[in-house]
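What follows is the residue order along each chain.
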Amino acid sequence: MEHKYPWEVVILERKKKNGLIWLAVGGLVLAVAAVAVAVWAPWREPDRSEVYVMAEQAIVKTEAKEDLGLQISSAAMITDNGTLRKTDTNGYIYKVGDQGRVIVYVNTKSTTPEDPSRDFDVTVSMVSDGQKVYDISGPEETEVDMTCQEFDQIVSGLSFYRYREEDAVEVRYEENELEAFDGGELSVTLSRPGAETLDAIAGSLSEMLAEPVDPEKLVTVEARVDMSVYDGELRAQSCNFTVEHTCQDGRKVRYATATHVVLLEDSQGELPTDGT
């Protein structure tokens, strides 16, 4: 089952309470460094079920790590000839097992050329100890009015994307032949993004265009997931989704999003203060 919001940081709304304003975002892009410079075997098309099981097991193994660090980069763009809205998100998530803490740092910038009043630049720095959630953007931790369940929803939105096996149209695998590496690159072309992803995209389009958007009527232009799997772990993942919506006046609007998540090695759960 896919995560509900694999391409955005959950909560598309403004929430102000106890002096804290946090906006959760839309959008996603990335720039992932190569996992390794290697000699590659030719691309082959393995069994779709084989690839699905490999990807799913890699995600489960990676997310089960006691200490886990992920770097997230994403971008989303709504276009209608010109750009209607562009959103860039960059951040980190750390799970520190021996402390029982999960740390999230996310910065999101959104621009709407035709309506600058909608522009925003928001940074969220929070930590959960499993019982309470704290804002850590200042010199001291400050408890915020958010449940751990809401926090977990944000974390879920920042983690790896799980595609549905039945949506796979083409799968390819390129094995790394160097002896020091056990694994390779997976590429999965999908017939469409998952239903929950389409629902989220439809919601963003509806809010932007001020008209109803039926997720079932969105036309998939591109849906692809690329994964680097080594030693049974998912080291990096890129998701690219583009859909097209026909507006009530007949014009075509596209929503394109690209998301990249990279596993950080030897993470000690230290939160960067500048987001880098």
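Coordinates for the structure precede this section.
Description of the structure in this document. (Residues numbered from 1 in each chain as written. Predicted model: local features only at pLDDT ≥ 70, side-chain atom pairs only at ≥ 80, totals over all residues. Heavy atoms only, no water.)

Re the environment of Ile78
As a reminder, the rule being used: Where helices and strands are cited, they refer to DSSP runs of H or I of at least four residues and of E of at least two residues respectively, numbered from the N terminus. Any residue under 20% of the maximum accessible area for its type is buried, any over 50% is exposed, and the rest in between are partly exposed; the area is computed with a 1.4 Å probe on protein chains only. When checking whether two residues touch, look at their non-hydrogen atoms; a contact exists if any pair is within 4.5 Å.
Along the polypeptide, Ile78 turns up in strand S3 (residues 67-80). Given the relative accessible area of 3%, Ile78 is considered buried. Measuring from C-alpha to C-alpha, the distance between Ile78 and Thr257 comes to 8.8 Å, with 179 residues separating the pair along the chain. With near-sequence residues (within four places) excluded, Ile78 lies in contact with Thr83, Leu84, Arg85, Ser204, Leu205, Met208, Val253, Arg254 and Tyr255.

Points about the packing of aromatic side chains
This is how it is decided: Ring geometry is summarised as follows: Phe, Tyr and Trp rings, the Trp one being its six-membered ring, pair when their centres sit within 6.5 Å, and such pairs are stacked at plane angles under 30 degrees, edge-to-face over 60 and tilted between the two.
Counted by the stated rule, this structure contains 3 aromatic pairs. Summarising the aromatic geometry, the rings of Tyr161 and Phe241 are spaced 5.3 Å apart at their centres and angled 65 degrees between planes, so their arrangement reads as edge-to-face. One end of the pair, Tyr161, is in the loop between helix H2 (148-157) and strand S9 (168-175); the other, Phe241, is in strand S12 (residues 233-246), and 80 residues separate them in sequence. Overall, the relative accessible area of 2% leaves Tyr161 in the buried class. Here Phe241 falls in the buried class, since its relative accessible area comes to 1%.

A closer look at the nonpolar core
Our working rule: Put simply, buried Ala, Val, Leu, Ile, Met, Phe, Trp, Tyr and Cys residues joined by side-chain atoms within 4.5 Å make one nonpolar core.
Core analysis: the biggest nonpolar cluster contains 41 residues, and Leu70, Tyr163, Val188, Leu190 and Met227 have the highest contact counts within it. The element that contributes the greatest number of residues to this core is helix H1 (residues 48-63), accounting for 5 residues. Ignoring any residue separated from it by four or fewer positions in sequence, one finds Leu70 in contact with Gly91, Tyr92, Ile93, Leu158, Ser159, Phe160, Val261, Val262, Leu263 and Leu264. In terms of nonpolar packing, the next biggest core, distinct from the first, is built from 15 residues, Ala76, Ile201, Val213 and Leu218 among them.

Section: the pairing of strand S4 (residues 82-96)
Just so we agree on the cut-off: We call two strands paired when DSSP finds no fewer than two bridges between them.
One ladder, built from 14 bridges, connects S3 with S4; its direction is antiparallel. From the neighbouring strand, Leu68 faces S4, where its bridge partner is Lys95. Linking S3 to S4, which pair antiparallel, is a turn of 1 residue; within it Asn81 sits at a positive phi near 65 degrees. As judged from the 11 bridges shared by S4 and strand S5 (residues 101-111), these two strands associate in the antiparallel manner. Counterpart to Ile93 in the pairing with S5 is Val104. Hairpin geometry of S4 and S5 is characterised by an intervening segment of 4 residues between the two adjacent antiparallel strands and by a positive phi of about 65 degrees at Gly100.

Digging into the sheet that holds S5
Worth spelling out the cut-off: To obtain each axis, a line is fitted to C-alpha atoms, and for helices this fit is confined to the stretch in contact; angles are then taken between N-to-C directions over 0 to 180 degrees.
Across the sheet, which stays open at both edges, the 11 strands sit in the order S8-S7-S6-S5-S4-S3-S13-S12-S11-S10-S9 with antiparallel pairing between neighbours. Bordering the open sheet on either side are strand S8 (142-143) and S9, each of which pairs with just one other strand. Judged from the 7 bridges that link them, S9 and strand S10 (residues 183-190) form a sheet pairing that is antiparallel. By the bridge assignment, Ala168 is partnered in S10 with Leu190. H1 rests against S3, S4, S9, S10, strand S11 (219-230), S12 and strand S13 (252-264) of the sheet, and its axis sits at about 115 degrees to S12. Packing of H2 onto the sheet brings it into contact with S4, S5, strand S6 (120-128) and strand S7 (133-135), and relative to S6 it is tilted by some 120 degrees.

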